[in-house]
Amino acid sequence: MMKKKSISSSKASLVLFLCQMISALDVPLDSKLLEELSQPPTITQQSPKDYIVDPRENIVIQCEAKGKPPPSFSWTRNGTHFDIDKDAQVTMKPNSGTLVINIMNGGKAEAYEGVYQCTARNERGAAISNNIVIRPSRSPLWTKEKLEPNQVREGDSLVLHCRPPVGLPPPIIFWMDNAFQRLPQSERVSQGLNGDLYFSNVQPEDTREDYICYARFNHTQTIQQKQPISVKVFSMDSLNDTIAANLSDTDIYGAKPVTERQPILLTPTGSTSTKVELRGNVLLLECIAAGLPTPVIRWIKEGGELPANRTFFENFKKTLKIIEVSEADSGNYKCIARNILGSAHHVISVTVKAAPYWITAPRNLVLSPGEDGTLICRANGNPKPNISWLANGVPIAIAPEDPSRKVDGDTIIFSHVQERSSAVYQCNASNEYGYLLANAFVNILAEPPRILTPANKLYQVIADSPALLDCAYFGSPKPEIEWFKGVKGSILRGNEYVFHDNGTLEIPVAQKDSAGTYTCVARNELGKIQNEVQLEVKDPTMIIKQPEYKVIQRYGQVSFECIIKHDSTLLPTVIWLKDNDELPDDERFLVGKDNLTIMNVTDKDDGTYTCIVNTTLDSVSASAVLTVVAAPPTPAIIYARPNPPFDLELTGQLERSVELSWIPGDENNSPITNFVIEYEDGLHEPGVWHYQTEVPGTQTTVQLKLSPYVNYSFRVIAVNEIGRSQPSEPSEQYLTKSANPDENPSNVQGIGSEPDNLVITWESLKGFQSNGPGLQYKVSWRQKDVDDEWTSVIVANVSKYIVSGTPTFVPYEIKVQALNDLGYAPEPSEVIGHSGEDLPMVAPGNVQVHVINSTLAKVHWDPVPLKTVRGHLQGYKVYYWKVQSLSRRSRRHVEKKILTFRGNKTFGMLPGLEPYSSYKLNVRVVNGKGEGPASPDKVFKTPEGVPSSPSFLKITNPTLDSLTLEWGLPAHPNGVLTSYILKFQPINNTHELGPLVEIRIPANESSLILKNLNYSTRYKFYFNAQTSVGSGSQITEEAVTIMDEAMASRQVDIATQGWFIGLMCAVALLILILLIVCFIRRNKGGKYPVKEKEDAHADPEIQPMKEDDGTFGEYSDAEDHKPLKKGSRTPSDRTVKKEDSDDSLVDYGEGVNGQFNEDGSFIGQYSGKKEKEPAEGNESSEAPSPVNAMNSFV
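Residues numbered from 1 in each chain as written. Predicted model: local features only at pLDDT ≥ 70, side-chain atom pairs only at ≥ 80, totals over all residues. Heavy atoms only, no water.

A. Representation of the overall build of the protein in the model. From N to C terminus, the protein includes nine helices and 85 strands. The buried share of the protein, reckoned over its 1194 residues, is 40%. Restricting the contact set of the protein to residue pairs at least 6 apart, pairs at least 24 apart contribute 66%. Split by element, the accessible area of the protein, about 63800 Å² in all, is 51% carbon and sulfur. (Helix = DSSP H or I, 4+ residues; strand = E, 2+ residues; numbered from the N terminus. Buried < 20%, exposed > 50% of the residue type's maximum accessible area, 1.4 Å probe, protein only. Contact = heavy atoms within 4.5 Å. Areas by Shrake-Rupley, 256 points an atom, 1.4 Å probe, with all protein chains shown as cover.)

B. Region of interest: the confidence of the model for the protein. For the protein, per-residue confidence averages 83 on the pLDDT scale, and residues scoring 70 or more make up 84% of the total. Of the regions scoring below 50 in pLDDT, residues 1-29 engages in 49 contacts with residues more than four places distant in sequence or in other chains. Counting interchain partners and residues more than four positions distant, the pLDDT-below-50 stretch residues 248-255 has twelve contacts. (pLDDT = per-residue confidence, 0-100.)

C. Up close: unusual backbone geometry. Here K68 and P69 are connected by a cis peptide whose omega angle stands at 0 degrees. The omega torsion of the bond from T267 to P268 falls at -5 degrees, within 30 degrees of zero and hence cis. You will see that N78, though not glycine, has its phi angle at about 55 degrees, which is positive. In this structure, R870 takes a positive phi of about 55 degrees despite not being glycine. Relative to the helices and strands, R870 resides in the loop between α5 (866-869) and β74 (875-885).

D. Main features of the nonpolar core. With 31 residues, the main nonpolar core has I59, I61, W75, I101, Y116 and I134 as its most contacted residues. Dropping the residues within four chain positions of it, I134 is found in contact with Y51, V53, I59, I61, Y112, E113, G114 and Y116. (Core = buried A, V, L, I, M, F, W, Y, C linked by side-chain atoms within 4.5 Å.)

E. Local environment of the packing of aromatic side chains. A complete count under the given rule lists 21 aromatic pairs for this structure. An angle of 35 degrees between the planes, with centres 5.7 Å apart, marks the rings of W781 and Y801 as tilted. Of this pair, W781 sits in strand β66 (residues 776-783) while Y801 sits in strand β68 (residues 800-804), and the two are 20 residues apart along the sequence. On the accessibility criterion, Y801 (25% relative accessible area) is partly exposed. A connected cluster of aromatic rings, assembled from ring pairs, spans F174, F180 and Y214. One residue, K550, lies across the ring of F560, its end atom 5.4 Å from the ring centre. Directly above the aromatic system of F907 lies the positively charged group of K858, at a separation of 4.8 Å from the ring centroid. (Phe/Tyr/Trp six-rings, centres within 6.5 Å; stacked < 30°, edge-to-face > 60°. Lys NZ or Arg CZ within 6 Å of the ring centre and 35° of its normal.)

F. Just the side chain of E447, in detail. Note that E447 resides in strand β38 (residues 447-451). In this structure E447 touches L37, F474, G475, S476, P477, N524 and L526, once residues within four positions along its chain are discounted.

G. Spotlight on the sheet that holds strand β56 (residues 619-629). Pairing is mixed in the open sheet, where five strands are placed in the order β48-β56-β55-β51-β52. With one partner strand each, in any of the chains shown, β48 (550-553) and β52 (581-582) form the two edges of the open sheet. Two strands pair when backbone bridges link them, and strand β55 (residues 607-614) and β56 are joined in this way by eight bridges, in the antiparallel orientation. The residue of β56 that forms the bridge with T608 is V625. (Pairing = 2+ DSSP bridges.)

H. Structural context of the pairing of strand β23 (residues 288-292). The buried fraction of β23 amounts to five of the five residues, a majority that puts the element mostly inside the structure. Burial along β23 is two-sided: the residues I288, A290 and L292 and A289 and G291 are all buried. Where strand β20 (residues 261-267) meets β23, four bridges bridge the pair, whose relative direction is antiparallel. Note that in β23 the partner of I264 across the bridge is A290.

I. Main features of the sheet that holds strand β16 (residues 197-199). One open sheet accounts for three strands, arranged β13-β16-β15; its pairing is antiparallel. The sheet is open, and its two borders are formed by β13 (158-160) and β15 (189-191), each paired with just one other strand. Each adjacent strand pair in this sheet contributes to an overall mean axis angle of 15 degrees, direction not counted. With three bridges joining them, β13 and β16 adopt antiparallel strand pairing. Considered in β16, the bridge of V159 is made with Y198. (Axes fitted to C-alpha atoms, helices over the stretch in contact; angles between N-to-C directions.)

J. Geometry of the state of the cysteines. All told, the structure shown has six disulfides when counted by the stated rule. Two residues, C471 and C520, share a disulfide whose sulfurs are 1.8 Å apart. Between C471 and C520, the disulfide has an S-S torsion of -60 degrees and is therefore left-handed. Note that C471 is positioned in the loop between β40 (467-469) and β41 (473-476) and C520 in strand β45 (residues 516-524), a separation of 49 residues in sequence. Considered together, C471 and C520 belong to a single accessibility category, that of buried residues. A sulfur-sulfur separation of 1.9 Å characterises the disulfide bridge that pairs C562 with C611. On the S-S bond that ties C562 to C611, the torsion sits near -65 degrees, and the link is left-handed. With C562 in the loop between β49 (558-561) and β50 (563-565) and C611 in strand β55, this residue pair connects regions lying 49 residues apart in the sequence. (Disulfide = S-S within 2.5 Å.)

K. Representation of a nonpolar patch on the surface in the model. Taken together, the side chains of I637, Y639 and I722 define a hydrophobic patch exposed on the protein surface, amounting to about 230 Å² of accessible area. Position of Y639 among the secondary structure elements: in the loop between β56 and β57 (646-651). Given the relative accessible area of 35%, Y639 is considered partly exposed. (Patch = residues over 30% accessible without salt bridge, like charges linked within 9 Å, V, L, I, M, F, W, Y side chains within 5 Å. Salt bridge = Lys/Arg side-chain N within 4 Å of Asp/Glu carboxyl O.)

L. Molecular detail of the pattern of salt bridges. Under the defined criterion, the tally for this structure stands at 41 salt bridges. One salt bridge in this structure joins K800 and E305, with 3.8 Å as the shortest N-O distance. Of this pair, K800 sits in strand β68 while E305 sits in the loop between β24 (296-301) and β25 (311-314); the two residues are 495 residues apart in sequence, bridging distant segments of the chain. R924 serves as the salt-bridge partner of E931, at 3.7 Å between the closest nitrogen and oxygen.

M. Highlighting the environment of P840. Position of P840 relative to the elements: it lies in the loop between β71 (831-834) and β72 (845-853). Counting along the chain gives 84 residues from P840 to R924, while the straight-line C-alpha distance between them is 8.9 Å. Apart from the residues within four sequence positions on either side, P840 is in contact with T868, V869, V925, N927, G930, E931, G932 and P933.

N. Structural view of the environment of D329. Mapped onto the elements, D329 comes out in the loop between β26 (319-322) and β27 (331-339). The buried category is assigned to D329, whose relative accessible area is 4%. Spatially, the C-alpha atoms of D329 and L306 are 8.5 Å apart, while their sequence positions differ by 23 residues. If sequence neighbours within four positions are ignored, D329 has contacts with K301, P307, R310, I322, E324, V350 and V352.

Structural data, given as structure tokens:
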């Protein structure tokens, strides 16, 4: 029996005791053992504290527990016993405490709302669950409301309220349109955390009648819809049109354009507000602002920085999100809304409270009769939680007395416990934000020792490696464990063994003679038990011949050997890898018992080959590199990378230098060109090799410069034309002494991030540059040109320090000096920095505008005093915009144009102005922080210019001698129109232009009728407008007068007469026949007078057409070559108008000049009278009849 100890010593021993006891009871290593041991109940599963259920489904309230004997279950509802046998709708699952409330068969979820608690009880105690609050989810409908249309002026702000119904849990809000499409959101339009839709400024495109707020209740999978909200945005142009219908011109000019506005906060209201959030939750802060242009939101934490890695910005930076908040996140958070006209801000004071959370939760306690122990329950929170204890679910103050138990605040002390002291204790830690409830049992057991490790278990290890022999045990009181070797061996003691608290025996370095039988003995006051295990020690697996580096010619054969030695009782397996991956699936790779052979080597076989040998107890590997080279000239000489140097030696060790020497390896037929020396810093970067220097290939010693406080190792690599050798074996280590830093941080800068601070940054020294332990930095600063002392602070190994409370934008002298435990680096050089900038204070004065021409102006201003810039002067910005056109009375909002002039310039040119317009401008100075105030608006006007072309020119109502012209005003008059200039000229059929006529037209005219024109004539018109400055660009158009009606009628008649169509068809047929005859006669080579044959064989049925009645008449020799009387419609002037028919024999290529010689045709013999006929006029050759033509074939 363990003797009674003091409370403090009992706690120390109890920690080790519990680790063994709890794992033995909780983890079923031996199911038979667990079935025999008694154990108080433990709650293993329960429903959440706040349990929201679906009112349409059965309610399942979980309560599962384990214990020995198995526990029974009971429930309370709203603090009183809940008799489930009296409610037909409620059942309890078998062998479980889980309740099932039948809602689907007539029950109502609302009737079962309340607070439920489960109790699991057996003969050793009672465990209780949390208070489980059952509430059915609710998704109520939207209350009906009358929604008035929202009529808002362009540029104003607008808030569309959602006001969703109160549901359980709260719904998810989103806005959509009638087509169930989500409404687009941006920096200008976004949804707030409360579900309202905020417009920083409205635009005409925001006009619509279907802004619909939806509420989605996820628990019941339902969506409720609010009535659509209508928004109508009135632009200034539409307002002017409305006003113009009722007011005078003066009133219209008084209508204000869309004005830009500085930001104001829509939510939250006021300048400050408060927010309370619980520890571990997500903190959401929101700021939404109105303004034009749309403001940009920025967040800062006053007196600190936003937590890194936990801060996120959502909803276009309008929402600040901090996850996993803690008490350190309490403070003032400021949101700043800014646009070009100014800014607005709001400060939210955040307080982080905390529901109770565990520091030390009570743990199950297993004791033997007569032992001591403690239960500790420690929790924290804000405010600090109250701790109360219960025993078996009853407040401990009214629980049955137990003389071995004493309550001391958050601790229960047990002294000299007895078996009847077994119970389940509950610790409740609560404050106004929640509670924690934990069950922990005290189980008093009196059990003789048991060994859970199987008897005669066999352990196998490799020689020279650790051996761990298990002896898992259980007993109460805790048994003492002893180990023996052999059946009658002595107890094991000494440094060659390690005895673990869980009973395991460790042999750190097992040798061959360590093999044998080991006996574990467990004993306590209730008994003793022993168990034997066997240990076998195997020979290690070794690769006695490793693969070697090979250089092989392309298309050759190479073999890597891997000969192994292993314990005869172990079965090894050999695996080959290429570049740490499987071998290619290629029949050229042949894996033998002790080697790998590659046939017909190619360039892609180049790489590292590894032989891995595995057994059930160990694994070894060896690698070699294969280099594939081109076939050398005959005789073959093998060139390869050099072998690595060896026998590295350090001599002449000094604080800052050492001499390294080595012996070169084989050159492999390629001379060594140089040696590369690398070093490893085992103190700061173990395992990383750095380049130190290199020397020629003829040199085998080198003097190396060293840095203080570096644990050096060196290696050498030989290089030839083939490549680099493998690194040599590392040299011995050499640790240099510590020293003051030799250098100071570089790139020291001082730039303020806020108007009242100075952020000093630098590049930290590398590890080996520290020259010793304890690297720190001394940061010093003082205001320049002021007789101030240096202010210094020593900081840890960081790269930034922030000086607060500085004046705005003043120069500072800054220096950063490194130091370590041995002293300071040399005095650093000073750099000049500046504290933070603020917005400029004053606007440029004496702004003057000189108008150069109608589209260009020059603006002058006086520079602002440099003291008022309060930052680095970056230049000046000129904002200018068109107010109105002097030639029109309408006004409209025009976006401002901005020109930036870098540096300290005091003038600038404004290009691209519109003539005859009124403009305004102002000038602002710019620094690194932003823009200063604007100068008073300066008004200037541009002179008249030449107008643009008329917007259109239409020509209508053509007659025989007149045309009507209509035109539109120029889109850009650019002044007062004085007149229009019209020029026109005729165009003949050859597109030649006739004389130009010019007419000046008054400016108030918009149409003109031109008379006395030629009929059926095309005219080209040139039209432009004029101001007092000159003529603008012209617009051109063409038109044609109509022709004489009688002539037009005749031309139409000839083209539609049947006889004319028939004549044309007959002419075409005759030409075809003549061509056929010509071809045949040419082939026979003879001459046949066609005329004679025609006279001899005239066909009475084929006669010439009579001209007066449309019938065929007789041929007449005298008339053969006379001009046609009526068959030609050629006018008397022998010209053919464009509209006339172009069909004629001339056009078909059969005119009088178309005679051919003997080898071409017979037409020359048609008649001998050709040369006597006039040379002019349209003449027709006499055509033979088709019958005569056919007779010529005979």
